[in-house]
Amino acid sequence: MSRTVCNCKSRPFFSRGAGKVRGAAVILLALITWVFPWSALADEPGLPESILGMEKKEVMKGKEASKKVDRMHRGDVATGMDYIVEYSDGDHSATYYVSLYDEPEEAVKAKQEMARKMEETSHEFSHFMQRTVNEHTVYMALAHDQAHYFFAQDMELVWLAVDISVAEDALKELFSTK
């Protein structure tokens, strides 16, 4: 019976040749972690794949979504962690807006501030009201043949604009999956 013997010398982790490669790997890993923090993955919201059978058609996120949110509000309200998703089934459409905040309290505060402004100022929305759905405070208004709902959920401030004819069903479906 023959035996294979390794004639390799074991080297310390940071020995001369291998140490440079390992050291570079450690530095590269640190840079990747700094440039692309793992928390960014955890912060991405669970965007619905569909709403009442309306499929995702377009997803806008990051700077592009933040610019659009600011433009729509004629001011600086975007968080920098904003998402806009367009849904359609050919007959109906919906748009799902999400802004992420660092703390749930910040999302609630932003929701309350939006509601206050909508109550106090004249704007394109009508029939503004507050409701409770599944123990969440939801605000609703009508504009552009759509119902517009907004609410805070954890660290998310969500705005759903959906065709009036399917609005209530869309809201119910959205809260049944939350």
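Everything below is about the structure shown above.
## So, helix α3 (residues 62-73)
Then comes step 1: Taking 1.5 Å per residue as the helical rise, α3 with its 12 residues ought to reach 16 Å, and the 17 Å between its terminal C-alpha atoms agrees with that figure.
Then comes step 2: For α3, the set of buried residues is Ala65, Ser66 and Val69. The arc that holds every buried residue of α3, seen down its axis, measures 100 degrees, which confines them to one face. Residues of α3 that are exposed and point over 90 degrees away from its buried face: Lys63, Glu64, Lys67 and Arg71.
Then comes step 3: Buried-residue contacts for α3 involve β2 (54-61) and β3 (82-88).

## Topic: the side chain of Ser66
Then comes step 1: Residue placement: Ser66 occurs in helix α3.
Then comes step 2: For Ser66, a relative accessible area of 9% gives the class buried.
Then comes step 3: There is a polar contact of 2.5 Å between the side chain of Ser66 and the side chain of Asp82.
Then comes step 4: Those residues within four positions of Ser66 in sequence are excluded, and the remaining contacts are Ala78, Gly80, Met81 and Asp82.

## Observations regarding a negative patch on the surface
Then comes step 1: The grouping of Asp102, Glu103, Glu105 and Glu106 at the surface amounts to a negative patch.
Then comes step 2: What makes Glu103 partly exposed here is its relative accessible area of 42%.

## Brief notes about the pattern of salt bridges
Then comes step 1: Considering all chains together, one arrives at 5 salt bridges under this definition.
Then comes step 2: Across the pair Arg116 and Glu113 runs a salt bridge whose closest N-O atoms are separated by 2.5 Å. Here the residue Arg116 and the residue Glu113 both occupy positions in helix α4 (residues 104-120), the gap between them amounting to 3 residues, near one helical turn.
Then comes step 3: The class for Arg116 is partly exposed, based on a relative accessible area of 34%.
Then comes step 4: For Lys117, the salt bridge is made with Glu113, and the minimal N-O distance between the two is 4.0 Å. Of this pair, Lys117 and Glu113 both sit in helix α4, 4 residues apart, which is roughly one turn of the helix.
Then comes step 5: Under the relative-accessibility criterion, Lys117 is labelled partly exposed at 44%.
Then comes step 6: Taking relative accessible area as the criterion, Glu113 reaches 32% and is therefore assigned partly exposed.

## Concerning the nonpolar core
One broad trend across soluble globular proteins is that nonpolar side chains are buried collectively.
Then comes step 1: One finds Tyr96, Tyr149, Leu160 and Val162 to be the most contacted residues of the largest nonpolar core, which totals 25 residues.
Then comes step 2: Within the residue set of this core, elements represented by two or more residues are β3, β4 (93-100), β6 (136-143), β7 (146-153), β8 (156-163) and α5 (167-177).
Then comes step 3: Ala65, Ile84, Ala107 and Trp159 belong to the second-largest nonpolar core, a separate cluster that totals 18 residues.

## Overview of unusual backbone geometry
Then comes step 1: In the Ramachandran plot, His127 falls in the positive-phi region, its phi being about 55 degrees despite a non-glycine side chain.
Then comes step 2: By the element assignment, His127 lies in strand β5 (residues 126-133).
Then comes step 3: The phi dihedral of His144 falls on the positive side, at around 55 degrees, and the residue is not glycine.
Then comes step 4: Inspection of the secondary structure assignment puts His144 in the loop between β6 and β7.

## A word on the environment of Tyr96
Then comes step 1: Secondary-structure assignment places Tyr96 in strand β4.
Then comes step 2: A residue is classified by how much of its surface remains accessible, and Tyr96, at 0% relative accessible area, is buried.
Then comes step 3: Separated by 52 residues in sequence, Tyr96 and His148 place their C-alpha atoms 9.8 Å apart.

## Quick word on the pairing of β8
Then comes step 1: Among the 8 residues of β8, 8 are classified as buried, and the element is accordingly described as predominantly covered.
Then comes step 2: Bridge analysis of β4 against β8 gives 7 bridges, and the strand direction is antiparallel. Across the sheet, the residue bridging to Tyr96 is Leu160, located in β8.
Then comes step 3: As judged from the 8 bridges shared by β7 and β8, these two strands associate in the antiparallel manner.

The rules behind these values
Residues numbered from 1 in each chain as written. Predicted model: local features only at pLDDT ≥ 70, side-chain atom pairs only at ≥ 80, totals over all residues. Heavy atoms only, no water. Helix = DSSP H or I, 4+ residues; strand = E, 2+ residues; numbered from the N terminus. Expected span 1.5 Å × (residues − 1). Buried < 20%, exposed > 50% of the residue type's maximum accessible area, 1.4 Å probe, protein only. Arc of directions from axis to C-beta. Contact = heavy atoms within 4.5 Å. Polar contact = N/O pair within 3.5 Å; in protein donor to acceptor, adjacent residues only side chain to side chain. Patch = residues over 30% accessible without salt bridge, like charges linked within 9 Å, V, L, I, M, F, W, Y side chains within 5 Å. Areas by Shrake-Rupley, 256 points an atom, 1.4 Å probe, with all protein chains shown as cover. Salt bridge = Lys/Arg side-chain N within 4 Å of Asp/Glu carboxyl O. Lys, Arg positive; Asp, Glu negative; His and termini not counted. Charge placed at Lys NZ, Arg CZ, Asp CG, Glu CD. Core = buried A, V, L, I, M, F, W, Y, C linked by side-chain atoms within 4.5 Å. Pairing = 2+ DSSP bridges.

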